[in-house]
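# Breakdown of the fold
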Amino acid sequence: MLDAKIPAGKLDEKWEDYKGHCKLVNPANKRRLEIIIVGTGLAGASAAASLGELGYKVKAFCYQDSPRRAHSIAAQGGINAAKNYQNDGDSVFRLFYDTIKGGDYRAREANVHRLAEVSGSIIDQCVAQGVPFAREYGGLLSNRSFGGTQVQRTFYAAGQTGQQLLIGAYQALERQVALGNVRMYNRHEMLELVVSDGKAKGIICRNLINGELERHSGHAVLLCTGGYGNVFYLSTNAMGCNVTAAWKAHKKGAYFANPCFTQIHPTCIPVSGDHQSKLTLMSESLRNDGRIWVPKKQNDTRKPNEIPEEERDYYLERRYPAFGNLVPRDVASRAAKERCDAGYGVGTSRQAVYLDYADAILRYGQIEAGKRDLTTADTNAFIQMGKEVVREKYGNLFDMYEKITGENPYELPMRIYPAVHYTMGGLWVDYELQTTVPGLYCLGEANFSDHGANRLGASALMQGLADGYFVIPYTIGNYLADEIANKAMPIDHPAFADAEATVENRINKLKSINGKQSVESFHKRLGKIMWDKCGMARNAEGLLQAIREIQQLRDEFWSDVRIPGDINEMNSELDKAGRVADFIELGELMCHDALTRNESCGGHFREEFQTPEGEALRDDQDYMYVAAWEYKNLSEWGLHKEELKYDVVKPSQRSYK
């Protein structure tokens, strides 16, 4: 069994006790230690800013033109924190409990409780940075509801919370760049981890502008590179999101944990055709006020406004009366799929359900009329005032929907359908966020640690900033305190030469194939295999087929891919080819992981294991563990387990009814 190095003692005292006893590095010694940070989204930017502020010498890398292009910018709905501003019963324990339950009891208690503890400090930090959170009329920060909870704990900045939080972290990062504590490397992609004497010592990266390979040395390496949802090709992730940095670390000894735990978001604009290269997320915050429904009649071709109220099935409210439209994402996604598969889907594809704001618009209008003392207002006036309120709360999301679909969501219900969004799996890390390779840490979505089998909405931003601002500044000292006497390994060391040669050989091999098929075509085919056989529902037969098909696809890729251009220049097709090659290998591991977990939990739904009502059926006796996979060889992995012990929360069948 893997040792997560969880501190002893009471759950709510572990983090404070850890901080009081962890090793420290004095300011003079911090200046002698170099830290490499790969990725500058919320986790990476906050970590770089915090460690630079502490005095460490930091080198930060991103493949984008600027840290402000990180995919964290795409997060819309909000960030959770246990502030209890609404006085509705929220607490640190309640946030902790909701997260454990929402993850279907497959998360580590100690990490989740720490996350809940520091959540309030994140909001204070961001407010101090000037993040323009929404506020009530009196000036207090506003909150709204998200799925899987019965309280309002989500702080937000209209529908662009991720953008505003990233700007705050980016400003903190740029301050350290200006002070000389952080050196920023834009348009650089990590292609290999350098390991010597069993420890992470640096990285090999490719300058994406001129194609040159570079060696960078450090006392520790932090991977903050986001999730791997683009293995499905169509997802809500930015086109450049990839698994390459984490996968290279995996092949150098870092275990990959729970790769089959991927999240399908229930509130996305449906696929419109084979021409699409990505999908667009409509924030979960829209489920805060919108009602989801389908016609009660199968294959109903009427327009939504022509279907009377009594002929509408508000199926989430019917099936889950306690939580209604705010059930967790995995539950809402499967329910939408079930209705569409049963013939109740809407739109031309019949692969969509309605998200309707008519009731919310009328309700807000009546409230607004009361505020204005408009006692003679009629329904039309209520609707007009209600639209103004909704526009203020969700306007940019409604505008985005109209631009993409050409339909006015103030007048017609939105059409939504589930899509790949977030990955709960990632590199295995212990309580200190250190991987199985000493000196290699992993933060944010790139690790597996805090969400179990399903992430609650508005918790991704919380985890990224918690890891960067409040966790890694303490835990990394426990390792670096013993590295003070060691200088950063010189880049002419044989370990660097070997790592660079590995990268060079791989690039040359890719370029020399001179096949006939584009990189994009392979990615599309991989995505279809993954979505059809390892997507919202999986079964043993389909997973076995998927593994065989992926292996065949891998062989075909390495014999017939076509990459135009040259190596020693900007070559986006070459960059993409390397990423897709890694996705193909990851896809096989995901299917393998899903095949060996004979239960349903959270985002992992095995059709063979479900309750009579169609809900996920866990097997706590045999599968209450983290599956951490060690890379052995091509198509060969070894399974290591971390037992999950629940001392405070007692696992039970999840119910949102």
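None of these values were measured; they are calculated from a predicted model.

## What about the overall build of the protein?
- The secondary structure content of the protein amounts to 17 helices and 19 strands.
- Each of the three principal axes of the protein carries a C-alpha extent, and together these read 80 × 55 × 50 Å.
- For the protein, with 657 residues in total, the buried portion stands at 61%.
- Restricting the contact set of the protein to residue pairs at least 6 apart, pairs at least 24 apart contribute 73%.
- Total accessible area on the protein stands at roughly 24,800 Å², and carbon and sulfur atoms take up 48% of it.

## As for the sheet that holds strand β9 (residues 220-223)
- The five strands lie next to each other as β5-β2-β1-β9-β17, forming an open sheet whose pairing is parallel. Pairing within the sheet leaves two strands with one partner each, and these edge strands are β5 (182-185) and β17 (440-442). For this sheet the average axis-to-axis angle between neighbouring strands, irrespective of direction, equals 20 degrees.
- Looking at chain direction, β9 and β17 are connected through three bridges and run parallel. Bridge pairing in β17 links leucine 222 to tyrosine 441.
- Packing against the sheet, helix α3 (residues 42-54) makes contact with β1 (34-38), β2 (57-61), β5 and β9, and its axis sits at approximately 165 degrees to β1.

## Description of the environment of histidine 523
- Assignment of secondary structure puts histidine 523 in helix α14 (residues 519-534).
- Look past the residues within four positions of histidine 523 in its chain and what remains in contact with it is Asn230, Tyr233, Val580 and Phe583.

## Some points on the sheet that holds strand β16 (residues 426-427)
- Pairing is antiparallel in the open sheet, where four strands are placed in the order β16-β10-β18-β19. Single-partner strands in this sheet number two, and they are β16 and β19 (636-643).
- Bridge count between strand β10 (residues 256-257) and strand β18 (residues 625-633): two bridges; the pairing is antiparallel. The residue of β18 that forms the bridge with phenylalanine 256 is tryptophan 629.
- Where helix α16 (residues 572-596) meets the sheet, its contacts fall on β10, β18 and β19, and the angle it forms with β18 comes to roughly 135 degrees.

## Re the pattern of salt bridges
- In this structure the tally under the stated criterion is 59 salt bridges.
- Between lysine 251 and glutamate 585 there is a salt bridge, with its nearest N and O atoms 3.1 Å apart. Taken together, the residues lysine 251 in helix α7 (residues 244-251) and glutamate 585 in helix α16 connect sequence positions 334 residues apart.
- With a relative accessible area of 7%, glutamate 585 lands in the buried category.
- Here the salt bridges share partners, and the residues they tie into one network are Asp104, Arg106, Asp330, Arg334, Arg597, Glu599, Arg618, Asp620 and Arg654.

## Comments concerning the pairing of strand β11 (residues 262-268)
- Most of β11 is tucked away: seven of the seven residues are buried.
- Bridge count between β11 and strand β15 (residues 414-423): five bridges; the pairing is antiparallel. Its bridge partner being in β15, cysteine 268 is matched across the sheet by tyrosine 417.

## Some remarks on helix α5 (residues 109-129)
- The terminal C-alpha atoms of α5, which comprises 21 residues, lie 30 Å apart, in line with the 30 Å expected from a rise of 1.5 Å per residue.
- Along α5, the helix axis deviates most sharply at valine 118, where the bend reaches about 35 degrees.
- Phi for glycine 130, located one or two positions after α5, is positive at around 100 degrees.

## Points about the domain arrangement of the protein
- Domain annotation of the protein identifies domain 1 (266-420) and domain 2 (506-643).
- Between the C-alpha centres of domain 1 and domain 2 there is a distance of 33 Å.
- Taken together, the eleven residues of domain 1 in the interface contact ten residues of domain 2.
- Interface area for domain 1 against domain 2, summed over the two sides, is near 800 Å², with a carbon-plus-sulfur share of 57%.
- Its largest share of buried area at the contact with domain 2, domain 1 owes to Asp330, Arg334 and Lys337, together 50% of the area lost on that side.
- For the pair domain 1 and domain 2, the interface holds one salt bridge.
- Salt-bridge contacts for arginine 319 lead to glutamate 615; the nearest nitrogen and oxygen are separated by 3.3 Å.
- For the interface between domain 1 and domain 2, the tally reads four residue pairs in polar contact (both at pLDDT 80 or more).
- Put simply, the parts of the chain that give the side of domain 1 that touches domain 2 at least two residues each are α9 (329-344) and β15.
- Top contributing element to the side of domain 1 that touches domain 2 by residue count: α9, with four residues.
- Taken together, the residues that form the side of domain 1 that touches domain 2 break down as four nonpolar, two polar and five charged.

## Quick notes on the side chain of glutamate 34
- Examined against the element boundaries, glutamate 34 turns out to sit in strand β1.
- Its relative accessible area of 19% is what places glutamate 34 among the buried residues.
- At 3.3 Å, the side chain of glutamate 34 forms a polar contact with the side chain of lysine 57.
- In this structure glutamate 34 touches Lys57, Lys59, Ser217, Gly218, His219, Ala220 and Ala488, once residues within four positions along its chain are discounted.

## Comments concerning the packing of aromatic side chains
- Under the counting rule described, the total for this entry stands at 24 aromatic pairs.
- Ring centres of phenylalanine 93 and tyrosine 97 lie 6.4 Å apart, and the angle between their planes is 15 degrees; this geometry places the pair in the stacked category. Taken together, the residues span about one helical turn, with phenylalanine 93 and tyrosine 97 both in helix α4 (residues 92-102) at a distance of four residues.
- According to the relative accessible area criterion, phenylalanine 93 is partly exposed, its value standing at 44%.
- With a relative accessible area of 27%, tyrosine 97 lands in the partly exposed category.

About the cut-offs
Residues numbered from 1 in each chain as written. Predicted model: local features only at pLDDT ≥ 70, side-chain atom pairs only at ≥ 80, totals over all residues. Heavy atoms only, no water. Helix = DSSP H or I, 4+ residues; strand = E, 2+ residues; numbered from the N terminus. Buried < 20%, exposed > 50% of the residue type's maximum accessible area, 1.4 Å probe, protein only. Contact = heavy atoms within 4.5 Å. Areas by Shrake-Rupley, 256 points an atom, 1.4 Å probe, with all protein chains shown as cover. Pairing = 2+ DSSP bridges. Axes fitted to C-alpha atoms, helices over the stretch in contact; angles between N-to-C directions. Salt bridge = Lys/Arg side-chain N within 4 Å of Asp/Glu carboxyl O. Expected span 1.5 Å × (residues − 1). Bend = angle between axes of the 7 residues up to and from the residue. Domains from an automatic or database assignment. Buried area = accessible area lost by both parts, 1.4 Å probe. Polar contact = N/O pair within 3.5 Å; in protein donor to acceptor, adjacent residues only side chain to side chain. Nonpolar A, V, L, I, M, F, W, Y, C, P; charged D, E, K, R; others polar. Phe/Tyr/Trp six-rings, centres within 6.5 Å; stacked < 30°, edge-to-face > 60°.

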